[in-house]
Every structure is written in structure tokens, then in C-alpha cells.
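Report on the structure
For reference, the chains in residue letters:
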Amino acid sequence: VKNYQLAADKGIENAKNYLESKYQNGYGMKKSYQTALEYYQLAADQGFARAQNNLGYMYQKGYGVKISYQKAVEYYQLAADQGLKEAQHNLSKLKSSKKYICYVLLEHQKIIEHLKQQIEFLELQIKYQPGGSGYQEVKEHFESLATNE
């Protein structure tokens, strides 16, 4: 393991991948999702498809991180684009899962609610801007209050 650690520290991808899987699964060392995640991230940032796929899996399952289907899809896609069949399979399987479909629907619902709020805000701005129908109503109301005093 020490030799793999030295090689990984020097940036050798196969050594990083070896250590990543050892830490993730606890083979021959204490299981540490956090350490595995760090190695996967280093290798993924350098474009290593297997590490990108493994990061996608960790985000999908919540190993050492909060579950994030968005990040899982992102990493699976990066690896799939490089031709990694396992990533292509994982991406397809995730996107057809009920959990992912529910996640996407909820995200779209949040976007729709946000857009509705923005529309309501804009309608109020238009109504109460100088020249808008609401502006004239408010102006007349305050003018009538002023004349009654």
C-alpha cells in the first residue's frame, strides 16, 4: 500500500484508482469513504473516466457525501462521454429509476414555483409603477385622505 500511496502522490492514475477502491471498500485498510472520495476527486479532475464513474456512484448512493443526483449524472456523463461502458450503463440506469424521475419532477416543480413568484412580483411592479392602474388608485386614495383632513 505504501508504494501505491507514493505513486498516487506523484499523480499516477492507476495507483490512485487502486487506493480509491481499497479505501471505498475497506480492502486491506480501514474503510474511509472520505479518503476514497478525495482520491476519486483528484483523478476525476484529471479526466480519469473510472474515477468519474466512481464519484458518480458515491454521489448516487450517498457514500461519504450527501446524495446528489445532479452530481451523479454529471460525473457519470463525463465518464460515459469518454466511452466507459460502465458509466454509460450507470447513467442509463439512474435516469430510468423512480427516485431520479421523482427528483427531476421536484426540481421542475421548484423552478415553476419560483417563476410564479417572479411573475407575481413583476405584475405588482407594473401595476404600481407611475402610470399603472394601481398607482393611480393609490395616488387618488392618498389625495382624498389629504383633502379630508
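A brief look at the structure comes next.

The rules behind the values
- Residues numbered from 1 in each chain as written.
- Predicted model: local features only at pLDDT ≥ 70, side-chain atom pairs only at ≥ 80, totals over all residues.
- Heavy atoms only, no water.
- Core = buried A, V, L, I, M, F, W, Y, C linked by side-chain atoms within 4.5 Å.
- Buried < 20%, exposed > 50% of the residue type's maximum accessible area, 1.4 Å probe, protein only.
- Helix = DSSP H or I, 4+ residues; strand = E, 2+ residues; numbered from the N terminus.
- Contact = heavy atoms within 4.5 Å.
- 1 Å grid on protein atoms, 1.4 Å probe; cavity = no way out; pocket = protein on both sides within 12 Å on 5 of 7 lines; lining within 4 Å.
- Points joined across faces, edges and corners; volume = space filled by probe spheres on them.
- Salt bridge = Lys/Arg side-chain N within 4 Å of Asp/Glu carboxyl O.
- Axes fitted to C-alpha atoms, helices over the stretch in contact; angles between N-to-C directions.
- Parallel < 35°, antiparallel > 145°, perpendicular 65-115°, else oblique.
- Left-handed = near helix turned anticlockwise from the far one by under 90°.
- Polar contact = N/O pair within 3.5 Å; in protein donor to acceptor, adjacent residues only side chain to side chain.
- Phe/Tyr/Trp six-rings, centres within 6.5 Å; stacked < 30°, edge-to-face > 60°.

What to know about the nonpolar core
Formed by 23 residues in total, the largest nonpolar core has its most connected members in Tyr40, Leu55, Tyr59 and Leu94. Of all elements in the fold, only helix H3 (33-45), helix H4 (49-61), helix H5 (69-81) and helix H6 (85-95) reach the threshold of two or more residues within this core. When residues in this core are grouped by element, the largest group, 7 residues, is from H5. Apart from the residues lying within four places of it in its own chain, the contact partners of Leu55 are Leu37, Tyr40, Gln41, Ala44 and Tyr75.

Looking at the layout of surface pockets
For the largest pocket, the calculated volume is near 200 Å³. Lining the largest pocket are Tyr57, Gln60, Lys61, Tyr69, Tyr76, His89, Asn90, Lys93, Leu94, Ser97, Lys99 and Tyr100. Listing elements by their share of the lining of the largest pocket, those giving two or more residues are H4, H5, H6 and helix H7 (98-128). Looking at which element gives the most residues to the lining of the largest pocket, the answer is H6, with 4 residues.

Some details on the pattern of salt bridges
Inspection of the entire model under this criterion finds 3 salt bridges. Residue Glu86 pairs with Arg50 through a salt bridge whose shortest N-O separation is 2.8 Å. Here Arg50 lies in helix H4 and Glu86 lies in helix H6, a separation of 36 residues in the sequence. Taking relative accessible area as the criterion, Arg50 reaches 32% and is therefore assigned partly exposed. The partner of Glu107 in a salt bridge is Lys110, and the shortest N-O contact between them spans 3.2 Å. In this pair, Glu107 and Lys110 both sit in helix H7, 3 residues apart, roughly one turn of the helix. Since its relative accessible area comes to 53%, Lys110 is described here as exposed.

A few points about the packing of H4 against H5
The N-to-C vectors of H4 and H5 enclose an angle of 160°; their axes lie 7 Å apart at closest approach. What the angle tells us is that H4 and H5 run roughly antiparallel. Crossing angle aside, the handedness with which H4 passes H5 is left-handed. Of H5, the residues touching H4 (which contributes Ala49, Gln52, Asn53, Leu55, Gly56, Tyr57, Tyr59 and Gln60) are Tyr69, Lys71, Ala72, Tyr75, Tyr76, Leu78 and Ala79.

A look at the side chain of Gln60
By the element assignment, Gln60 lies in helix H4. For Gln60, a relative accessible area of 18% gives the class buried. Engagement of the side chain of Gln60 in a polar contact is seen with the side chain of Tyr76, the distance being 2.6 Å. For Gln60, the contacting residues outside a window of four places in its chain are Ile67, Tyr69, Ala72, Tyr76 and Leu94.

Looking at the packing of aromatic side chains
Any two aromatic rings considered together are summarised by their centre-to-centre distance and by the angle between their planes. Counted under the stated rule, the structure contains 5 aromatic pairs. Seen in terms of ring centroids, Tyr100 and Tyr103 are 5.9 Å apart; in terms of plane orientation they differ by 40°. Their pairing is tilted. A residue pair is termed a helical-turn pair when its members lie 3 or 4 positions apart in one helix, as Tyr100 and Tyr103 do in helix H7 at 3 residues. Owing to a relative accessible area of 14%, Tyr100 belongs among the buried residues under this scheme. Given a relative accessible area of 23%, Tyr103 falls into the partly exposed group. Chaining the aromatic ring pairs together yields one cluster made of Tyr69, Tyr100 and Tyr103.

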